[in-house]
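# Remarks on the overall topology
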Amino acid sequence: MSYYQLKIDIKDSTTTGGKYLTPFQRKILQKSLEKNLPDSYRQRIEIMLLADEGKSQTKICQTLGCCAATARHWIHIARTGMAHQWQDCPIGRPKAVNEEYLERLRELITNSPRDYGYAFRRWTATWLQKHLAKEFGVEVSDRHIKRLLKQMGLSTRPQPSNAIENSIEQAKDAKILIADLTATIATISDNSDNSEFLPLNLAK
């Protein structure tokens, strides 16, 4: 959903009343969306406004491309009446990579980069690092991304395709056939009637 379409939907909700937000909170959030905000700040506002419209957590994640942990947190903030304090949780660097970061990393690596607007087909540690830095404002090294993936039993390396697996199986079958053919030839040679080939005694 584009920002323009989101804005239209949010304006419609102001006339019908929201699920969690007061008119004052909703107005503050809508006004804030018009500012030049970091993506993470904009996302948290949009999560609360969509939740106020009655959208489910799953639908919000699909619409905004956010992870379930992020959506769940800001839906809770809206539900508890704290939406107007959306700036009180700075993006800054966490003391350590948190559960939300790991969940998002796992979500990214198990989906195609094309689902997130990229032209390439396979993630690299560098692109994962860039994408997560954009979302969380957290800079980590490519090496650290690889370490985290290894700890989760994941990797950016492509799995063998069916074509490669089939080629391997065909190669194995070919070796078996050659071995069988060799054995068959040997058997035929052993069992062949050699009586027609009489030895010649050239010595007188």
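Residues numbered from 1 in each chain as written. Predicted model: local features only at pLDDT ≥ 70, side-chain atom pairs only at ≥ 80, totals over all residues. Heavy atoms only, no water.

### Focus: the overall build of the protein
Worth spelling out the cut-off: Secondary structure elements follow DSSP: runs of H or I no shorter than four residues count as helices, runs of E no shorter than two count as strands, and numbering proceeds from the N terminus. We call a residue buried when its accessible area falls under 20% of the maximum for its residue type, exposed when it is over 50%, and partly exposed in between, using a 1.4 Å probe and counting protein chains only. It only takes one pair of heavy atoms within 4.5 Å for two residues to be counted as in contact.
Along the backbone of the protein there are 9 helices and 0 strands. Put simply, the protein runs from its N terminus to its C terminus through helices and strands in the order α-α-α-α-α-α-α-α-α. Across the 204 residues in the protein, those meeting the buried criterion constitute 29%. Within the protein, contacts between residues separated by at least 24 positions form 59% of all contacts whose residues are at least 6 apart in sequence.

### Brief notes about the packing of aromatic side chains
Filter applied, for reference: The aromatic pairing rule takes the rings of Phe, Tyr and Trp, using the six-membered ring of Trp, and pairs them if the centres are within 6.5 Å, calling planes under 30 degrees apart stacked, those over 60 edge-to-face and the rest tilted.
Going through the model one piece at a time under the given rule, you end up with 6 aromatic pairs. Residues Phe-120 and Trp-123 carry aromatic rings whose centres are separated by 6.1 Å and whose planes lie at 75° to one another, so their mutual orientation is edge-to-face. Summarising the aromatic geometry, the rings of Phe-120 and Trp-127 are spaced 5.1 Å apart at their centres and angled 40° between planes, so their arrangement reads as tilted. You can call Phe-120 partly exposed: its relative accessible area is 22%.

### Looking at the side chain of Gln-25
As for its position among the elements, Gln-25 is in helix H2 (residues 23–33). A residue is classified by how much of its surface remains accessible, and Gln-25, at 5% relative accessible area, is buried. If near-sequence neighbours (up to four positions away) are discounted, Gln-25 is found in contact with Tyr-20, Gly-81, Met-82, Ala-83 and His-84.

### A short note on the side chain of His-131
Put simply, the test is: Polar contacts, as counted here, are pairs of nitrogen or oxygen atoms within 3.5 Å of one another; within protein the pair requires one atom able to donate a hydrogen and one able to accept it, and residues that are adjacent in sequence qualify only if both atoms are side-chain atoms.
Positionally, His-131 belongs in helix H7 (residues 125–136). Classification of His-131 as buried rests on a relative accessible area of 9%. In this structure the side chain of His-131 is engaged in a polar contact, spanning 2.8 Å, whose partner is the side chain of Tyr-118. If we skip the residues at most four places from it in the chain, His-131 touches Arg-104, Leu-108, Tyr-116, Tyr-118 and Trp-123.

### As for the pattern of salt bridges
Just so we agree on the cut-off: By definition here, a salt bridge exists when the distance from a side-chain nitrogen of Lys or Arg to a carboxyl oxygen of Asp or Glu is within 4 Å.
One pass over the full model with this rule turns up 5 salt bridges. For Arg-26, the salt bridge goes to Asp-52, with nearest N and O atoms at 2.8 Å. Placement of Arg-26 in helix H2 and of Asp-52 in helix H3 (residues 39–52) is noted, with a sequence separation of 26 residues between them. The same class applies to Arg-26 as to Asp-52, namely buried. In this structure, Arg-104 engages Glu-107 in a salt bridge whose closest nitrogen and oxygen atoms are separated by 3.4 Å. Taken as a pair, Arg-104 and Glu-107 lie in helix H6 (residues 99–109) at a separation of 3 residues, close to a single helical turn. In this structure Glu-107 comes out as partly exposed when scored by relative accessible area, which is 26%.

### So, the confidence of the model for the protein
Rule in force here: Confidence per residue, as judged by the predictor, is encoded in pLDDT with a range of 0 to 100.
Confidence in the prediction of the protein, expressed as mean pLDDT, is 75, and 65% of residues score 70 or more. At the low end of the mean pLDDT range in the protein sits helix H1 (residues 3–16), at 47; at the high end sits helix H4 (residues 57–64), at 92. When the criterion is pLDDT under 50, residues 194–198 qualifies, and its contacts beyond four places in sequence or with other chains add up to 0 contacts.

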